[in-house]
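# Fold and geometry: a report
The lines below spell out each chain.
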Protein chains: 2
Amino acid sequence: MSLVEKFQGKRVLVTGGLGFIGSNVARTLADAGAEVTVLDALIPQHGGDLYNLEGVSERVRTVVADMRDDAALNHIVKGQDFIFHLAGQVSHGDSMREPELDLAVNCTATIKLVEACRYHNPQAILVNTSTRQVYGRPQFLPVTEEHPVEPVDVNGINKLAAEYYHLLYHRVYDVRSVVLRLTNTYGPRQQIKNERQGMAGVFLNRALRGQDLKLFGTGLQLRDFNYVDDVVEALLLAAVTPDCYGKLFNLGADPCHSLLEFCSILQQLCGIRYEVVPFPADRKLIDIGDYYGSFQRFAAATGWQPRVDLAEGLRQSVEFFKQHRDHYLT
Amino acid sequence: MSLVEKFQGKRVLVTGGLGFIGSNVARTLADAGAEVTVLDALIPQHGGDLYNLEGVSERVRTVVADMRDDAALNHIVKGQDFIFHLAGQVSHGDSMREPELDLAVNCTATIKLVEACRYHNPQAILVNTSTRQVYGRPQFLPVTEEHPVEPVDVNGINKLAAEYYHLLYHRVYDVRSVVLRLTNTYGPRQQIKNERQGMAGVFLNRALRGQDLKLFGTGLQLRDFNYVDDVVEALLLAAVTPDCYGKLFNLGADPCHSLLEFCSILQQLCGIRYEVVPFPADRKLIDIGDYYGSFQRFAAATGWQPRVDLAEGLRQSVEFFKQHRDHYLT
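Okay, so let's go over this structure. (Residues numbered from 1 in each chain as written. Chains lettered and ligands numbered in written order. Predicted model: local features only at pLDDT ≥ 70, side-chain atom pairs only at ≥ 80, totals over all residues.)

What follows concerns the overall build of chain A. Secondary structure summary: chain A contains 12 helices and 13 strands in total. In terms of overall dimensions, chain A is globule-like: its C-alpha atoms have a radius of gyration of 19 Å, near the 20 Å expected for 330 residues. If one aligns the C-alpha atoms of chain A with their principal axes, the spans along those axes are about 55 × 40 × 40 Å. Going through the 330 residues of chain A one by one, you find that 54% of them count as buried. (Helix = DSSP H or I, 4+ residues; strand = E, 2+ residues; numbered from the N terminus. Rg over C-alpha atoms; globule rule 2.2 N^0.38 Å. Buried ≥ 20, exposed ≤ 12 C-beta atoms within 10 Å, placed from the backbone.)

Once that is clear, we can look at the packing of helix H8 (residues 259–270) of chain B against helix H11 (residues 310–323) of chain B. Residues and elements named next belong to chain B. Contact geometry for H8 and H11: axes closest at 10 Å, N-to-C directions at 45 degrees. Here H8 is positioned oblique relative to H11, judged by the angle of their axes. Judged by the twist between their axes, the crossing of H8 over H11 is right-handed. Contact with H8, carried on its side by Phe-262, Ile-265, Leu-266, Leu-269 and Cys-270, involves Leu-310, Ala-311, Leu-314, Arg-315 and Val-318 of H11 and no other residues of that element. Residues that form the contact of H8 with H11 fall into these classes: nine nonpolar, no polar and one charged. (Axes fitted to C-alpha atoms, helices over the stretch in contact; angles between N-to-C directions. Parallel < 35°, antiparallel > 145°, perpendicular 65-115°, else oblique. Left-handed = near helix turned anticlockwise from the far one by under 90°. Contact = placed C-beta atoms within 7 Å. Nonpolar A, V, L, I, M, F, W, Y, C, P; charged D, E, K, R; others polar.)

Here the focus is the interface of chain B and chain A. If you look at the interface, chain B gives 18 residues, while chain A gives 18 residues. Secondary structure elements with two or more residues in the side of chain B that touches chain A: helix H4 (99–120) and helix H5 (154–173) of chain B. For the side of chain B that touches chain A, the class distribution of residues is 13 nonpolar, two polar and three charged.

All names here are of chain A. The buried count for strand S2 (residues 35–40) comes to five of six residues, which makes it a mostly enclosed element. Note: strand S1 (residues 11–15) against S2, five bridges, orientation parallel. Along S2, the bridge assignment pairs Leu-13 with Thr-37. In the classification by handedness, the crossover that spans S1, the intervening helix H1 (residues 20–31) and the parallel S2 is right-handed. (Pairing = 2+ DSSP bridges. Right-handed = clockwise from strand over helix to strand, strands pointing away.)

You can overlay chain B on chain A at an RMSD of 0.0 Å; the transform is a turn of 180 degrees with a shift of 0.0 Å along its axis. Here the symmetry operator amounts to a two-fold rotation axis. The residues that chain B uses at the interface reappear at the interface of chain A in 100% of cases, marking a shared surface. (Least-squares fit on C-alpha atoms with pLDDT ≥ 70 in both.)

What follows is about the sheet that holds strand S4 (residues 82–85) of chain A. Note on sheets: strands pair through backbone hydrogen bonds, and any given pair is parallel or antiparallel. All names here are of chain A. Spatial ordering of the open sheet is given by S3-S2-S1-S4-S5-S6-S11, a layout of seven strands whose pairing is parallel. Each edge of the sheet is formed by a strand with only one pairing partner; in this case those strands are strand S3 (60–64) and strand S11 (248–250). Sheet twist, expressed as the average angle between the axes of neighbouring strands with direction ignored, equals 20 degrees. As paired strands, strand S5 (residues 125–131) and strand S6 (residues 176–182) are joined by seven bridges and run parallel to one another. If you follow Thr-129 over to S6, its bridge partner there is Leu-180. Here helix H5 (residues 154–173) sits on the sheet in contact with S5, S6 and S11, set at roughly 155 degrees to S5.

Treat this as a map of the structure, not an account of what it does.
Structure below.
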């Protein structure tokens with residue numbers, strides 16, 4: 001049985017299912033014959049977009065509600081076989097400007113979700129998406145799951161707390177939860193229109209508009225980039241691998257790439273130029289230098305390997321956004 | 001100049017200042033001639049009690065308000081020289097029963113406090129009290145500040161997030177904050193009437209009522225107990241030691257003691273008996289085994305050493321609670 005076949009006929013909830021990664025999960029599962037519900041608050045600027053389900057929307061039950069609405073959440077959680085928790089605020093800058101909103105969306109909502117599982121659906125399998133941002137500035141590379149956590153922004157702090165809730169509810173209440181720490185994910189349906197959601201989105205947006213790119217520092221900073229299809233596969237694998245429950249895992253990519261390499265590929269795809277400029281002071285404060293993680297623990301547990309290399313992933317992304325330019329760029 | 005003299009004429013805010021440790025801080029500073037404001041929400045069962053300021057209340061400005069009330073908090077934070085942040089929910093059991101309330105009181109309130117400092121009083125010196133509970137079950141002893149954090153209850157998760165906010169606001173906005181991880185603190189004005197606030201309080205309460213004590217497991221579990229006067233001194237030292245800003249420190253005691261030793265002292269002081277019984281299943285889940293921490297980092301930075309040993313501290317505690325039996329026991 002293939003991986004997606006394991007979800008055929010299953011009831012699946014995707015929180016944040018109108019967002020970038022959530023919508024890709026929902027589409028894959030709808031195509032696999034799962035009974036998919038997406039829950040999304042459509043908080044402005046957070047990335048949720050009904051258009052992300054275009055073509056599958058008639059096969060997906062879409063609920064626009066805030067996870068902090070207990071009645072809605074408890075009702076929706078009941079009876080689900082799998083819950084993929086993608087809802088959240090992911091902008092580091094926004095978390096520093098509006099720390100309370102970040103806390104509400106990332107922590108209050110997550111507590112409500114694990115409580116809903118505890119009381120209304122303790123059989124559910126729950127996959128939480130966290131971020132490599134919890135590690136802060138790397139003390140060694142590649143960063144393994146044993147690396148100390150030292151978040152450098154409010155978002156990292158709150159995402160870390162959200163991880164802990166999941167693992168605690170596994171330990172104390174037997175909720176079958178898995179935590180994946182995502183690194184730089186990019187690809188179709190990423191919110192690139194505003195520049196809130198990471199470097200990959202910013203560069204894609206500008207390159208697609210034909211604008212030249214500016215790299216801060218030296219451009220030699222290393223990152224591990226995951227194409228969204230690989231991340232979706234990781235989430236599904238985590239859900240169906242009992243050895244993963246109660247544990248946390250890095251995702252990652254091998255090889256990693258410098259930001260210069262990333263821009264160089266976009267140069268070829270979009271015909272733009274790029275230059276290296278000094279770090280603005282406010283960005284330097286939250287810069288973490290090189291980052292690449294080890295995903296060996298997850299590979300050993302599930303056999304996962306990213307399949308799409310950066311050149312191919314960016315090619316597919318550029319092609320997608322050019323096809324849907326009217327929606328994602330204007 | 002003695003330590004307390006450094007606070008003479010200074011404006012000091014104590015959040016949670018009607019609680020156990022907060023009221024002891026407020027009393028000490030009022031006696032030292034500081035201009036003390038206490039802010040306390042008097043949330044039922046959280047330990048706040050107007051009686052804790054008996055004898056100094058005319059020299060302390062008491063504001064009963066919830067820290068989540070932005071207008072009140074921002075107004076009160078303005079112009080303070082020092083802020084001791086003692087407000088919070090500290091019951092591990094309550095945090096598991098009401099995780100959202102724990103989040104609100106420990107995280108939302110703390111974000112509002114550091115934001116108030118950022119915008120309305122960036123000169124303030126801010127001392128945060130955290131807990132050794134953030135470490136979870138010790139992986140090595142004594143536990144140093146380098147020990148991995150792995151909270152075993154919702155309270156530990158939320159207190160850890162609150163620490164990170166303080167350290168982040170130091171790093172990014174130059175708020176002069178210090179984090180102290182307290183261990184088992186006991187002494188006068190501890191809330192012992194209900195059994196929510198740790199083993200020391202539970203045993204003191206029962207012994208003072210003449211009830212026999214039950215120890216779970218073997219009774220040989222080790223703990224480091226700090227008498228509240230030593231903790232107050234640590235908080236004041238942290239506040240006036242610039243080397244501490246932006247850092248976190250364990251408190252602790254040397255020697256540590258087994259729970260049996262603790263009960264044996266109470267046996268002598270109160271004439272009660274004690275016995276060892278098997279662990280109830282629900283308590284075993286959140287039990288952390290032996291715990292004692294190293295406070296060498298803090299001793300090196302400030303010269304702090306706990307002065308009151310367990311026998312003397314319990315003697316003074318029992319004497320205090322006997323004098324104020326009508327209030328604290330009934």
